[in-house]
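Take a look at the letters that make up each chain.
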Amino acid sequence: MKKHGGQAIVDVMKKEGVTKVFGVPGESYLNVLDAMYEEPHLDFISARQEGGASFMAEAYAKTTGDVGVCTATRGPGATNLSVGLHTAYQDSTPLVALIGQVEKKFKDREAFQEVEFSSYFSHLCKWAVEIDDAKRIPELLHRAFHVARSGRPGPVVVSLPEDMQDEMVGDNNYASIKVNPSRPNSESVKETIEALKQAEKPVIIAGGGVILSKATQNLIKLSEVLQIPVATAFRRFHAFPNTHGNYIGALGLGVRKGLQEYIQESDLVLALGTKFSQMTTDDYTLINEQSKLVHVDISPDVIGKVYKPYISVVSDVNEFLNDVLEVVQPEENPGRTEMLKEANGQYVDFSTPQQSSGNKEGFADMKKVISDLKESLPDDAIITSDAGNFFSWISRYYRYGKDEMYLGPTSGAMGYGMPSAIGAKIAEPDKKVVSISGDGGFMMTVQEFETAVRYNTPIISLVINNNKFGTIRAHQEGKFTDRVIGTDLTNPDFAELAKNFGGYGIKVDNNDDFSKALREALENDKPTLIEVAINPEILSANQEK
Ligand SMILES: Cc1ncc(C[n+]2csc(CCOP(=O)(O)OP(=O)(O)O)c2C)c(N)n1
C-alpha cells in the first residue's frame, strides 16, 4: 500500500522502537504529525519551546539508554532546538532530530525560514542529512538511528523538505541496523591485567561509557577483586555507587583537592569510557606525565585526544570488563587496601555535611536541603540538575546509591534541569524525579512547567533562589571585584507561578519548612515546585567549611 512521506517516516520510527517524540509542532512537518496521530503506540509530547523539547528528548534517551527523538520546524524551530543537540553532542547521548524544511522547489532563494541545516549543524551533530526523495526515507532514517546510537553516541539531524513529505512511496523493506558491541583484542586485555597487577597505586576513572554500556556491575567486581578505587567523571555520578567503600569521589566543578592529588600520584590510571573533558580534568591538569594511562573507549577518536595512552583499547567498556574479569583472580594486597580505605574515608568526610557556618535567618541551608533529599527519596530516584553554583552542594553532598540516577548537562547548559526531569519522568513514570535548578536557569525553560502539567507528569522541581546569576557573580567577584554587572535578578513568586500553570507550588525559607514541603511534594500527584530561598552571600558549597 502506498503511503506519504510522513507515514513512511513514522513507519521507520516504529521499526526503531520509538514510542515518544518531543517537539513543537510546525507547518513544515504536518505530514509527520498527522502520521503520528494515526499511530496509537507513538505519543507526541508537545513542548512550549524547542529548547525544552530537545532537553526532554535528551534526558529520555539518557534514562532509557536508547535513542531520543525530537522535532522542530525550519529555521526558528531548529535554531531553538540546537541547545539540546549541543548537549547531546557533549554528553554522547543518542538523539535524532527531525526538522521540517523549506519545500525542495523553493530552496536556495532564502525562502521563508530557510536555513541550510547540514552546514548549520555541522559542529553540533554526528551527521546532518536532508532527505530529498521520499523513496530514500527507510535507508537514510534507519541510518540516522544507527549513527546516533553506534560508536560514541550523539545527535543526528534529519531535514525533511515539506514537499518531500507529500511524495507517495511503497513498503519499507529496511530494518533497524544492529551491530555487535565492539570487543577488545586479547593482547590488550592481557597487557592491561599485567599493568594493573604491577601497579602500586592504581586508580579507575569511570565516565559516561560505563553508564552507556551498562558496565557498573562489572566495574564494581573489578574494583573489588583488585582493590582499586574508583572516581567518576564530571556529572557521571551514577557510573559507580557513591555508597560503595571503593568510591573516592567525583571529578569536575568543586572537586576535592585530595582526589586530584590521589590521581596525580597514581602510577596507573584505568580510564573507562571518558573523553577527559576540560571539566573532568580541571583544565587538563589531572593526569601526571609519569602515570601510565590505560584508556578504554568505544571511540578511537577519543583516545589520544587529551592524554597519551600507555595502553589503548577500543572497545565497549562492558565487553572489556567481561574479558578482564574472566582472567583476574582476587589477590591479597594490604598496601592497596590501606590506600583505598584512606581515600574512601576522605571522600566520606568531604561529602558529610558539617554544622552550618554563617547561614542566616530567613534562608535555608543547602547542605541540609541535600541531606533531607537523600533521606526522603526512594532508593531508585532520579535527580536532574541545571548548570549553576547551586550544583556545588549536590555534587559534594549527594551520594547516589546503586539504583539512583543523575542526569545533568556535561555541556553546562542552563535550562536543562526541569525539562530533563519531564523527559525522565515520561520514561520512568513510577520513579520519583526531582529537578534542581537555580532561579536563573529555571527561568530559561520555565514554560515547560506547563508541559508537565498538561501531560500530567508529577515531577518535583526545586528552584534554589538567590536572585542572582550566582555563578557569574562569583566569577566577577574573583576577577573584577566590586564591579558587578548583569548578575542581579528579580524574580516572580515561583510558588504562585507554578499554581498559575496548574501545578502546585510552595515557597520555603528555612529547613524545617523545606522538609515538610518535600514530604508533601512526594505525596502529590501534580507537578510541584518548591522555591528554596538561600543566602545570596554564600555562592558555593566550597565557600563554607
Ligand atoms: C544557556 C546558558 N547561558 C549562560 C550560561 C553561563 N552561566 C553559567 S552559570 C550562570 C548563572 C546561573 O545562575 P542560577 O541558575 O541562578 O544559579 P546560581 O549560579 O545562582 O546557583 C550563567 C549565566 C550557561 N552556562 N548556559
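Residues numbered from 1 in each chain as written. Predicted model: local features only at pLDDT ≥ 70, side-chain atom pairs only at ≥ 80, totals over all residues. Heavy atoms only, no water.

**Some thoughts on the pairing of strand β15 (residues 382–385)**
A two-sided burial pattern is seen for β15, the buried positions comprising Ile382 and Thr384 on one face and Ile383 and Ser385 on the other. Of the pairings in the sheet, the one linking β15 to strand β16 (residues 405–407) comprises 3 bridges and is parallel in character. Opposite threonine 384, over in β16, you have leucine 407 as the bridge partner. Handedness of the crossover is the feature at issue here: the chain leaves β15, passes through helix α14 (residues 391–397), returns alongside β16, and the resulting connection is right-handed. Inspection of the sheet shows β15 paired to strand β17 (residues 433–438) by 4 bridges, in the parallel sense. Looking across to β17, one finds that isoleucine 382 is bridged to valine 433. (Buried < 20%, exposed > 50% of the residue type's maximum accessible area, 1.4 Å probe, protein only. Helix = DSSP H or I, 4+ residues; strand = E, 2+ residues; numbered from the N terminus. Pairing = 2+ DSSP bridges. Right-handed = clockwise from strand over helix to strand, strands pointing away.)

**Observations regarding the environment of proline 536**
When you line up the elements, proline 536 lands in the segment after β20 (528–533). Taking the C-alpha atoms as reference points, proline 536 and leucine 259, separated by 277 residues in sequence, lie 29 Å from one another. With near-sequence residues (within four places) excluded, proline 536 lies in contact with Phe363, Asn466 and Lys468. (Contact = heavy atoms within 4.5 Å.)

**Notes on unusual backbone geometry**
Residues other than glycine seldom take positive phi values, yet glutamine 227 does so here, at roughly 55 degrees. The residue glutamine 227 is located in the loop between α9 (216–226) and β10 (230–232) in this model. For aspartate 282, which is not a glycine, the phi torsion comes out positive at approximately 50 degrees. Its location among the elements puts aspartate 282 in the loop between β12 (268–272) and β13 (292–297).

**Some details on the site of the ligand**
Surveying the vicinity of the ligand reveals 16 residues, the closest of which are Asn389, Gly440, Gly441, Gly470 and Thr471. Here an oxygen atom of the ligand and a backbone polar atom of phenylalanine 390 are 2.9 Å apart. In this structure, an oxygen atom belonging to the ligand sits 2.8 Å away from a main-chain N or O atom of glycine 441. For the ligand, whose free accessible area comes to 580 Å², the fraction covered by protein is 77%. It is helix α16 (residues 439–444) that provides the largest number of residues to the shell around the ligand, a total of 4 residues. (Near = heavy atom within 4 Å. Polar contact = N/O pair within 3.5 Å; in protein donor to acceptor, adjacent residues only side chain to side chain. Areas by Shrake-Rupley, 256 points an atom, 1.4 Å probe, with all protein chains shown as cover.)

**With respect to the side chain of glutamate 16**
Take glutamate 16: it is sitting in the loop between α1 (5–15) and β2 (20–23). In terms of polar contacts, glutamate 16 uses its side chain to reach the side chain of histidine 142, at 2.5 Å. Those residues in contact with glutamate 16 that sit more than four places away from it in its chain are Asp66, His142, Phe145, Arg149, Ser176 and Ile177.

**Section: helix α11 (residues 317–327)**
A large share of α11 lies buried, amounting to 8 of its 11 residues. Of all the residues in α11, the buried ones are Val317, Asn318, Glu319, Phe320, Leu321, Asp323, Val324 and Leu325. Packed against the buried residues of α11 are α7 (186–198), α8 (208–212), α9, β12, β13 and β14 (311–314). Of the residues flanking the start of α11, the one acting as N-cap is aspartate 316, its side-chain oxygen 3.0 Å from the backbone nitrogen of asparagine 318.

**Things to note about the pairing of β20**
Counting buried residues in β20 gives 6 out of 6 residues, a clear majority hidden from the surface. As paired elements, strand β18 (residues 460–465) and β20 share 6 bridges and run parallel to each other. Note on β20: the bridge partner recorded for isoleucine 464 is valine 532. Across 5 bridges, strand β19 (residues 504–508) lies against β20 in parallel orientation.

**Here's the deal with the sheet that holds strand β7 (residues 155–161)**
Pairing in this open sheet of 6 strands is parallel, and the strands run β3-β2-β4-β5-β7-β6 from one edge to the other. Single-partner strands in this sheet number two, and they are β3 (43–46) and β6 (127–130). Shown here is a sheet whose adjacent strand axes are inclined to one another by a mean of 20 degrees, direction ignored. Strand direction decides the pairing type here: strand β4 (residues 68–73) and strand β5 (residues 95–101), joined by 6 bridges, are parallel. Bridge pairing links cysteine 70 to alanine 97 in β5. (Axes fitted to C-alpha atoms, helices over the stretch in contact; angles between N-to-C directions.)

**So, the packing of aromatic side chains**
Within this structure, the stated rule accounts for 16 aromatic pairs. Centre to centre, the rings of phenylalanine 117 and phenylalanine 121 are 5.8 Å apart; their planes meet at 35 degrees, and the pair counts as tilted. Its relative accessible area of 0% is what places phenylalanine 121 among the buried residues. Seen from their ring centres, phenylalanine 237 and tyrosine 400 are 5.1 Å apart, and the 20 degrees between their planes marks the pair as stacked. In this pair, phenylalanine 237 is assigned in the loop between β10 and β11 (247–250) and tyrosine 400 in the loop between α14 and β16, connecting sequence segments 163 residues apart. For the pair formed by phenylalanine 237 and tyrosine 400, the shared burial category is buried. An aromatic cluster is defined as three or more aromatic residues linked by ring pairs; in this entry it consists of Phe234, Phe237, Phe391, Tyr398, Tyr400 and Tyr406. Here the basic side chain of arginine 235 rests over the ring of phenylalanine 391, its NZ or CZ set 4.0 Å away from the ring centre. (Phe/Tyr/Trp six-rings, centres within 6.5 Å; stacked < 30°, edge-to-face > 60°. Lys NZ or Arg CZ within 6 Å of the ring centre and 35° of its normal.)

**Digging into the pattern of salt bridges**
Applying the stated criterion across every chain, the model contains 29 salt bridges. For the salt bridge of aspartate 488 with arginine 473, the shortest nitrogen-to-oxygen distance reads 2.3 Å. Of this pair, aspartate 488 sits in the loop between α18 (470–479) and α19 (494–500) while arginine 473 is found in helix α18, placing the two residues 15 residues apart along the sequence. Lysine 499 is paired through a salt bridge with glutamate 496; the nearest N and O atoms lie 3.3 Å apart. One end of the pair, lysine 499, and the other, glutamate 496, are both in helix α19, 3 residues apart, so they sit about a helical turn from each other. Take lysine 499: its relative accessible area is 38%, and that puts it in the partly exposed class. You can call glutamate 496 partly exposed: its relative accessible area is 37%. In this structure, a network of salt bridges that share partners links the residues Lys468, Arg473, Glu477 and Asp488. (Salt bridge = Lys/Arg side-chain N within 4 Å of Asp/Glu carboxyl O.)

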